[in-house]
Amino acid sequence: MIEQFKQMEKKRHDYAKEWKGKNDGKVMGYFCTYVPEEILYAAGVLPVRILGSHEPQDVTEPHIFGMFCPFCRDCLAQGLKDRYKYLDGLMIAQSCLHIRQTYTSWIKHRPVEFNKFLCMPHKVQSPHAYEFLTEEYKVFKKEVEKWTGKKITDKDLEKAIEVYNENRRLMRKLYDLRKRDKPPLTGEQVMEVVMAMQMTDKAEHNKMLKDLLKKLDSYTPDRETGSRLMILGSEDDDTVFMNMVEESGATFVIDDHCTGSRYFWNEVEDGKDPLASIAARYINRVPCPSKDWEERKRIPHILNLCKEWKVDGAIIMQQKFCDPHELDFVAIKKSLEDAGIPTLFLEFDVTVPIGQFKIRVEAFLEMIGEEDLF
Amino acid sequence: MEQEAIYPTEKLKCWNKAKDIRMKFYQDYAEAHDKGGLRWAGGAWTFDAIPAGLGDDVYPITSEPYSATIAFDKELSLECMEATEVKGYPRDLCSYMRNYWGSIITDKFAFGYKDGEFVPRFQGAKPISFPKPDFIWQDHICCSHAKWYQVVSDLEGGIPMYTVDNAVGPSNELTESKIKYIVEQLKDGIKFLEKTTGRDYDDELLFKAIWNHFVSTSTWAESCELNKAIPAPLDEKSIYSLYVLGTLQKSGKQVADFYEKDLLPEVKDRVKRGIAAVPNEHVRVMSDTQPPWSFLSIFRYLEKFGCVSIGSLYTFGLIGQWEVKKDGTWGAKTIPDVEFSNRDQALYEYVKYELHKPEWQHFYSCHLKSDMMIRIAKEWKLNGVMLHYNRGCEGLTVGIAENRLALLDAGFPVMAFEGNNADEREFDEARTKAKINAFMETLGVK
């Protein structure tokens, strides 16, 4: 059902190289989903999110202190191992400190023709963040124009917004299907769709999504749903873990991840100035915990997802040493449990101890299913 | 041989005054309500001149130095750490933050009274409860800053909180838009303070506090600049007790006056008379990030080898403001030649000045920090660098591995040692001393 998406994700480098060949365009590697892809897309640039490979490695030790998260080290390893040699540009939008190190080390040791640290404001709850970010985008737009040699018109931006918004709407439809008693896709499959979304041309992804949605319209899977779970926390593209849990008598029906719903949940809304509209979208999006203050706005959103997707339990995962999530999970755990939703907390590394986690997950699922048992 | 004195030395005359200012700071905070005043809490980097406009009886407690104080009190620190862990917070989080939260959870303040005198707990004070702040006034550049106080507010059952996002990029890319973003937040913050406290805001007090801020941060840098001299008039262990005043209340008159009228003239005099901090100074190093506070003795250990740690980008630039002078060297930032005429203008000058803080630059690029460290290594005539791979502070450890590579490329020997600024469970003193032994041998001293 989702083989095409999976192939795109698994063969991400081949995809990007082929895209370059076919479109004679530039490819921009990016860290963090606060990067305004619409501006790049409007310039004919393919934005691809850099993710790790889940392989043990020893190349980042001289560059990043070992107490920073495994994800940032795994991503840097991809660069140092020259797996992204085809990139023309590299950028980051200001988010957590950890991934920032990947960016700064990468541009020094594997320079690219264009690099950018985009100053995404942290205080997204400030009314002044909109104007500030719009001004940052104006500068960024000019830099991209200079780099690509292409003038980005309002029409280009509006077209890019349209493609991206359609992608977001289609993904919301796909997620809505997971509200069914028998969700047509597993969490692992949906994760593949989202990952493919982050590294492919959105127009192409849209076509594939429309086909997928048609197929799923009347599709009922022959697997048991089991316990309906939510997964939330740090960056997570560990499909092996997802598969293990879903083979143990459960289905992930919803998530709160930047490799999941947080990436596409809200659209760019119409406005007079496309750059200001894009800025508003990134400021108003479901926040990463590094930007979720002073009020914790993510918690009511998570509780609402649990309610709408009829969640039986939640797995709170985090990348080891991921401070922003470590600073949130105690409050999130409490809120979920106060709402009657049991939780299991797991700490992830580049590879996870699947055997040990399986025992813990099975015990958790047994606890959730206790009422049915007796 | 290295232990023989080759320079004269003497104690700092202003030492006790520095200690008194620090103690009074905590006492004022603890007793603020008794005098009808207000208490507020926030980070050492916060724009602390802003709450000063609420009146002369508004007293802060700054989180990092308070937490370092707890770290120095090993017994209390362990209690705080464990209390925080029981609440579910991971032990790899900022160790200052965990000490601070622990002080709230255990309801134990690090100070109290002994025979009527206000002293630290480890000097035998009877414990007093953690004095709850009336409001939180924080800044945010590190991932932990705003989140730190989000949890404080949770733990205290809700405290009005305002945080300023000051992460607008490095000072070499400063624009009017970036300054405006912060100024507008500060203006909103003043409205928040008025609403929260019910007090009218006094711009004249604000102007005075901003001026104090300029004086504190510039004159502190000037004192550090004097440490270029051989022999160095100050050693890093002493510097820790002096820079801390700026982390407590850089906009306070008592701090500005101390740096300008006590410390700076005395350091100038020491340089003039060739007074050394370490009389057997043979080699010079610098450190980086906060030290392991429970083990400051490692700096005294260096002295056995005739090694002086002259400071660090951390001690120079955490509070100090710097600029490149006409001759290309690094010196204290010139105090702006301005008179404040209205709130907007004062805030603009304040923000424009503060965004050049050296210790804010590496949050955007470790390479900017490497450049500053190499500059210090050259201008302060260093033989080597000791880098503290500090598990307790990610904000200041970001990019440290790249700093190491850059320093080595620039020809400076580097010793890296792993530890934790405020969690003594993560520091191996014997191993660190063994590393120092080997490093000193590398530098040619035994």
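Since we're looking at a predicted model, the values are computed, not measured. (Residues numbered from 1 in each chain as written. Chains lettered and ligands numbered in written order. Predicted model: local features only at pLDDT ≥ 70, side-chain atom pairs only at ≥ 80, totals over all residues. Heavy atoms only, no water.)

(A) Looking closely at the nonpolar core. Formed by 281 residues in total, the largest nonpolar core has its most connected members in A:Phe241, A:Ile315, B:Ile50 and B:Tyr100. Among the elements that take part in this core, helix α7 (residues 154–177) of chain A stands out by supplying 10 residues, more than any other. With residues up to four places along the chain from it excluded, the contact list for A:Ile315 reads A:Leu229, A:Met230, A:Ile231, A:Leu232, A:Phe241, A:Val245, A:Phe252, A:Leu344, A:Leu346, A:Val361 and A:Phe364. (Core = buried A, V, L, I, M, F, W, Y, C linked by side-chain atoms within 4.5 Å. Buried < 20%, exposed > 50% of the residue type's maximum accessible area, 1.4 Å probe, protein only. Helix = DSSP H or I, 4+ residues; strand = E, 2+ residues; numbered from the N terminus. Contact = heavy atoms within 4.5 Å.)

(B) Quick look at the environment of B:Phe340. Residue and element names in this part refer to chain B. Residue position: Phe 340 is located in the loop between β11 (330–332) and α13 (343–354). Phe 340 sits 130 residues away from Ile 210 along the chain, and the two C-alpha atoms are 9.4 Å apart. If we skip the residues at most four places from it in the chain, Phe 340 touches Phe 207, Ile 210, Trp 211, Phe 214, Gln 345, Ala 346 and Glu 349.

(C) Representation of the environment of A:Leu365 within the structure. Residues and elements named next belong to chain A. By secondary structure assignment, the location of Leu 365 is in helix α15 (residues 354–368). Of the residues examined, Leu 365 reaches a relative accessible area of 8% and is grouped as buried. Separated by 52 residues in the primary sequence, Leu 365 and Gly 313 have C-alpha atoms spaced 8.3 Å apart. The residues contacting Leu 365, other than those within four sequence positions of it, are Ser 227, Leu 229, Val 245, Ser 248, Gly 249 and Ala 250.

(D) Examining the pairing of strand β6 (residues 135–140) of chain B more closely. All names here are of chain B. Counting buried residues in β6 gives 6 out of 6 residues, a clear majority hidden from the surface. Alternating positions in β6 separate into two faces, Phe 135, Trp 137 and Asp 139 on one and Ile 136, Gln 138 and His 140 on the other, with burial throughout. Where strand β1 (residues 38–42) lies against β6, 2 bridges are found, and the strand directions are parallel. When the sheet's bridge partners are listed, Ala 41 is paired in β6 with Ile 136. In terms of strand pairing, β6 meets strand β7 (residues 161–165) through 5 bridges, oriented parallel. Bridged to Gln 138 within β7 is Thr 163. Each parallel crossover has a hand, and the one from β6 via helix α6 (residues 145–155) to β7 is right-handed. (Pairing = 2+ DSSP bridges. Right-handed = clockwise from strand over helix to strand, strands pointing away.)

(E) The arrangement of empty space enclosed by the protein in detail. All names here are of chain A. Applying the stated criterion across every chain yields a total of 7 cavities of 30 Å³ or more. Its boundaries defined by the atoms lining it, the largest cavity holds a volume of some 290 Å³. Among the secondary structure elements, those contributing two or more residues to the lining of the largest cavity are α5 (97–109) and α14 (323–338). (1 Å grid on protein atoms, 1.4 Å probe; cavity = no way out; pocket = protein on both sides within 12 Å on 5 of 7 lines; lining within 4 Å. Points joined across faces, edges and corners; volume = space filled by probe spheres on them.)

(F) Molecular detail of the interface of chain A and chain B. In this complex, chain A contributes 46 residues to the contact, which on the side of chain B involves 51 residues. Between chain A and chain B the total buried area reaches about 4000 Å² when both faces are included, carbon and sulfur atoms providing 60% of it. Counting across the interface, chain A meets chain B through 4 salt bridges. Two residues, B:Lys178 and A:Glu136, come together in a salt bridge whose shortest N-O distance is 3.4 Å. The interface formed by chain A and chain B holds 22 residue pairs in polar contact (both at pLDDT 80 or more) in total. Every element with two or more residues in the side of chain A that touches chain B is listed here: α5, α6 (129–148) and α14 of chain A. (Buried area = accessible area lost by both parts, 1.4 Å probe. Salt bridge = Lys/Arg side-chain N within 4 Å of Asp/Glu carboxyl O. Polar contact = N/O pair within 3.5 Å; in protein donor to acceptor, adjacent residues only side chain to side chain.)

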